[in-house]
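Report on the structure
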Amino acid sequence: MTRHGLHRITRFRSGPRRKAIAIGLVGGSVVAGMVATMMPLLANDDLSIRAAADTTATTVSQDGDNASKPTLATCATRCDGNPRGGREAVIEFGVTTVPSTAVNVRATLRVYAWQPFAATVTAHASPLSARESRPPLTSAGAALDRVTSVAKGFNEWDVSKLVTGNGTWTVSLAQSGLESRIYWASVENRNPDLRPNLLISYDLGASPTVAPTRPAPPPSPSGSPSTTPKPSPTIAPTRTATPSASGTLPSGKCGSVSDKLVPSCGAWWGMYNPAGAAGGWDHGKAVTDVEKQVGRKFDIVHRYHDFSNAGSNGAFPDTYEQQQMREGRLMFFAWESRDFSAGITLRWSDVYGGKQDDTIDAVAGRIKAAKVPVFIGFDHEPEDEPAKGSDADFVRAWRYVHERFAAVGATNAVWVWTMMGWSGHNSRYAGLYPGDRYVDWVAYDPYNFHVCNGSTVWRSPSSTVGDFYRWLDDNSIGADKPRMLAEFGTNFNAADLGAKQRWFQDFPAALKAHPKIKAAIYFNSAGMTSRTSTCDMTMNHDASSVAGFTQAGQDPYLRQPTGGIR
C-alpha cells in the first residue's frame, strides 16, 4: 500500500495466501507441507480456520479453568517471582478441507497480543490436550518457528513442519527472555476477529506424465537498459493453467469498454513507477523506461496527488499525464487529503465543511476538461488514517467531493474506492463504503511481502489476491462493481531466486480465477519497506523478475484489443 506513494506496511496483514484454509483450534500439532513429487498446476484462494479449543498449561493451581478464559498466557519457567510459574498456550486445530491433490502445503499460526513485549516465543508441536482446564507442563515437542519479539496485534509462526494436510493438530507457545506473563486472545474471546487462527495455503497439483521442459528465457525487450544482469539460470517453465473467467462482469464482445472503463473481457494492466530527483522528476519517462523494459505500453498509469492544487503534486492532470492520455493510456489519480510538500494532513471535516471547495472545484474543472474518462479515488486506504477523522467522516467527505464533481459536470470521473483489504479491518469496511451511487469500482492493495514485513510465509498470486476478494463476495460490498488491484506487489525469495519470476508467470492465472478483477496495477516502489538482501518489492530488481513480469504482461488476458500498442 502506499501513502504519497510509499508502502504502508501492516505487520500482520493477512493478505491472501495460496489455497488457504483458516482453521479453528482443534487438537493436534500444526503441521506443514509435504513436498510431493507433483507439478503444481494452480494456486487456489485461502481460508482462515479458527481454533477449535485452547487452554493454558501450568502447574499454578490458582489459575483455575484456563480452558474457559477469554485469554491465553505464556511465561518463562520463573514467572512473576514464582520459580515454578511457567505457562504455555496450547491451541488445537481441526483441518478437514485440504484436497488430496494439494501440494506445497504451508501453514501459519496467528495469535493476537494486546501489547508489545521483548520476549522470544517459540511454537512447538504439542503432546498436550487443549481441552483440559489446566494441563501440566511437559517436555515440548519439536520447535517449529519463533518470534524474537512480540508485537501488538497478530503474531505469526510458520508451522508448516507440523501441518501437512487434514487432521487434528495441536501447537504450544513457549516463552523465554521475559519473566512476566504475556496474554493472548483465546478462542473464548468476545471479539471473534481476535481469536487464534490457522492459515493454510497450498497449490493444486497433478502427477505429470512427462517432465516439464525448460524453455529459454524470454528475449530481452528492445528497449532494455544497455547493461542487463544475466537472467537466473533456473528460469521457470511457462505456466499454462488458465481457469475459466466466466464472471458476470461485464457482458459484451471482447474489445469493448464501458463508460465506466470496464473491459468486456480480460483485465487492464497498470503501473505505478515513481519519478525522482535523479531523473529530473520526469513522470513521463518514469513510465516509459519500464515500458521499454517489458516491451509493452501500460493500460493504466497510477499517480498520487494531494490537495495543494499546485505543481505536479496538486495541479493534475499535469503535462506528463496529459501526454500519457493523448498516447492512449488511462489515468488513475489517487487523490490524498494532505499537502505532500508542506507535510500537512487535512481532516475529512475540512473537506465536507467547505474549507477545500476551491481546490475540489479546480480539480473537477481540469478533470472535466480532459474530455476522456479517468479513474479517480479519494483518500485510498482510509482505514489507516485515524488523524483524519472517523469512518463516518470519510464517507461524508467522499460523497461531498463526488457531488461537487457532479455539480460542475465532471461526469468523466470514474470513482475507485480503495481499501487495504486487511482482515484486521473487516469489521469497518461496511461503514467506510460510501454507497453504490458514489462508487464505480471497488479496489484493494494486496501484497506478498514475505520477509519484508517479518513473515516467513510465501504467498502465491492467487492467495495474495483471494482473501479480500472472497470477503467482498461474502459481505456483498459493491457486489455488482468491477474490482481493481489498485496496488499489488511481491518480494523475492532469497532461498529460491526463481520464485519471484514464477510468481509473475502465475499472475494471469490468478486473475482468471478471480474474474471480477478487471484491472491490476503494480506498485513499483520500495515504499516503506527497505531494500535489503532479503527484501525488494520492485518488479525490475533483477533480470529474472523482469522476464517473469514481461511474460505476465504478454498474456492475452492482459492485452486488451482496444487499439494502440497494448
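All figures in this text were calculated on a predicted structure; none of them were measured in a lab. (Residues numbered from 1 in each chain as written. Predicted model: local features only at pLDDT ≥ 70, side-chain atom pairs only at ≥ 80, totals over all residues. Heavy atoms only, no water.)

**Some points on the nonpolar core**
One broad rule of soluble globular proteins: the nonpolar side chains tend to lie buried together. Convention followed: Side-chain atoms within 4.5 Å are what join buried Ala, Val, Leu, Ile, Met, Phe, Trp, Tyr and Cys residues into a set we call a nonpolar core. Note on classification: 1.4 Å probe, protein chains only; a residue is buried when its accessible area is under 20% of the maximum for its type, exposed when over 50%, partly exposed between these limits. Working definition: helices are DSSP H or I runs of at least four residues, strands are E runs of at least two. Numbering for both runs from the N terminus. Here, residues are in contact when the closest pair of their heavy atoms is within 4.5 Å.
Phe405 and Trp417 are the most contacted members of the largest nonpolar core, which has 67 residues in total. Of the residues forming this core, the biggest block, six residues, is contributed by helix α6 (residues 391-407). Residues contacting phenylalanine 405, with those up to four places away along its chain left out, are Trp335, Ile360, Val363, Ala364, Ile367, Ile376, Ala410, Ala413 and Trp415. In this structure, Ala89, Ala119, Val150 and Ile182 belong to the second largest nonpolar core, which totals 33 residues.

**Topic: the state of the cysteines**
Counted only if it meets this: Here, the term disulfide refers to a pair of cysteine sulfur atoms separated by no more than 2.5 Å.
Throughout the structure, instances matching the rule amount to two disulfides. Bridging cysteine 75 to cysteine 79, the disulfide has an S-S length of 2.1 Å. Where cysteine 75 bonds to cysteine 79 through sulfur, the torsion about that S-S bond is close to 100°, and the disulfide is right-handed. We classify cysteine 75 as buried; its relative accessible area is 4%. With a sulfur-sulfur separation of 1.9 Å, cysteine 452 is cross-linked through a disulfide to cysteine 535. Its S-S torsion of approximately 110° makes the covalent link between cysteine 452 and cysteine 535 right-handed. With cysteine 452 in the loop between β22 (447-448) and α8 (461-475) and cysteine 535 in the loop between β24 (517-523) and α10 (543-553), this residue pair connects regions lying 83 residues apart in the sequence. Assigned by exposure class, cysteine 452 and cysteine 535 land together as buried.

**What to know about the pattern of salt bridges**
Test applied: Only one rule defines a salt bridge in this text: a Lys or Arg side-chain nitrogen within 4 Å of an Asp or Glu carboxyl oxygen.
The final tally for this structure, using the stated rule, is 28 salt bridges. When the shortest N-O distance is used, the salt bridge between arginine 106 and aspartate 158 registers 2.5 Å. Here aspartate 158 lies in strand β10 (residues 153-158) and arginine 106 lies in strand β7 (residues 102-113), a separation of 52 residues in the sequence. Connected via shared salt-bridge partners are Arg338, Asp379, Glu385 and Lys388.

**Structural notes on empty space enclosed by the protein**
To find leftover empty space, a probe the size of one water molecule is rolled over the atoms. Counted only if it meets this: Grid spacing is 1 Å over the protein atoms alone, the probe is 1.4 Å, and a cavity is where that probe fits but cannot get out, while a pocket is an open set with protein on both sides within 12 Å along at least five of seven lines and lining residues have an atom within 4 Å of a point. Grid points are joined across faces, edges and corners, and a volume is the space filled by probe spheres set on the points. Charged means Asp, Glu, Lys or Arg here, nonpolar means Ala, Val, Leu, Ile, Met, Phe, Trp, Tyr, Cys or Pro, and polar covers whatever is left, Gly included.
Applying the stated rule across the entire model yields one cavity of 30 Å³ or more. Empty space within the largest cavity amounts to approximately 40 Å³. Taken together, His302, Phe332, Ala334, Trp335, Glu336, Gly377, His380, Val416, Thr418 and Ala486 form the lining of the largest cavity. The element contributing the most residues to the lining of the largest cavity is strand β16 (residues 330-335), with three residues. Each residue belonging to the lining of the largest cavity can be placed in one class, and the counts come to five nonpolar, four polar and one charged.

**Considering the environment of aspartate 357**
Note the following rule: Under this definition, polar contacts are N or O atom pairs within 3.5 Å; protein pairs additionally need one hydrogen-donor-capable and one acceptor-capable atom, and for neighbouring residues in sequence, both atoms have to be side-chain atoms.
On the secondary structure map, aspartate 357 appears in helix α5 (residues 357-370). Taking the relative accessible area as the measure of exposure, aspartate 357 reaches 16% and is therefore buried. For the pair formed by aspartate 357 and arginine 404, sequence separation is 47 residues and the distance between their alpha carbons is 8.3 Å. Among the polar contacts made by the side chain of aspartate 357, one reaches the side chain of arginine 404 at a distance of 3.4 Å.

**A short note on the confidence of the model for the protein chain**
Applied cut-off: Residue-level confidence of the predictor is what pLDDT reports, using numbers from 0 through 100.
Chain-level statistics for the protein chain give a pLDDT mean of 83 and a share of 82% at 70 or above. Across residues 1-45, where pLDDT falls below 50, the model places 276 contacts with residues more than four positions away in sequence or in other chains.

**Focus: the packing of α8 against helix α9 (residues 499-512)**
Formally: Whenever a helix is involved, its axis is fitted only over the stretch in contact; in every case the axis is a line through C-alpha atoms, and angles between N-to-C directions fall within 0 to 180 degrees. Note on angle classes: values under 35 degrees are labelled roughly parallel, values over 145 roughly antiparallel, values of 65 to 115 roughly perpendicular, and the remainder oblique.
Running from N to C, α8 and α9 cross one another at 45°; their axes reach a closest spacing of 8 Å. One element, α8, and the other, α9, form an angle in the oblique class. Along the contact surface, α8 presents Pro461, Ser462, Thr464 and Val465, while α9 presents Trp503, Asp506, Phe507 and Ala510. For the contact of α8 with α9, a count of residues per class yields five nonpolar, two polar and one charged.

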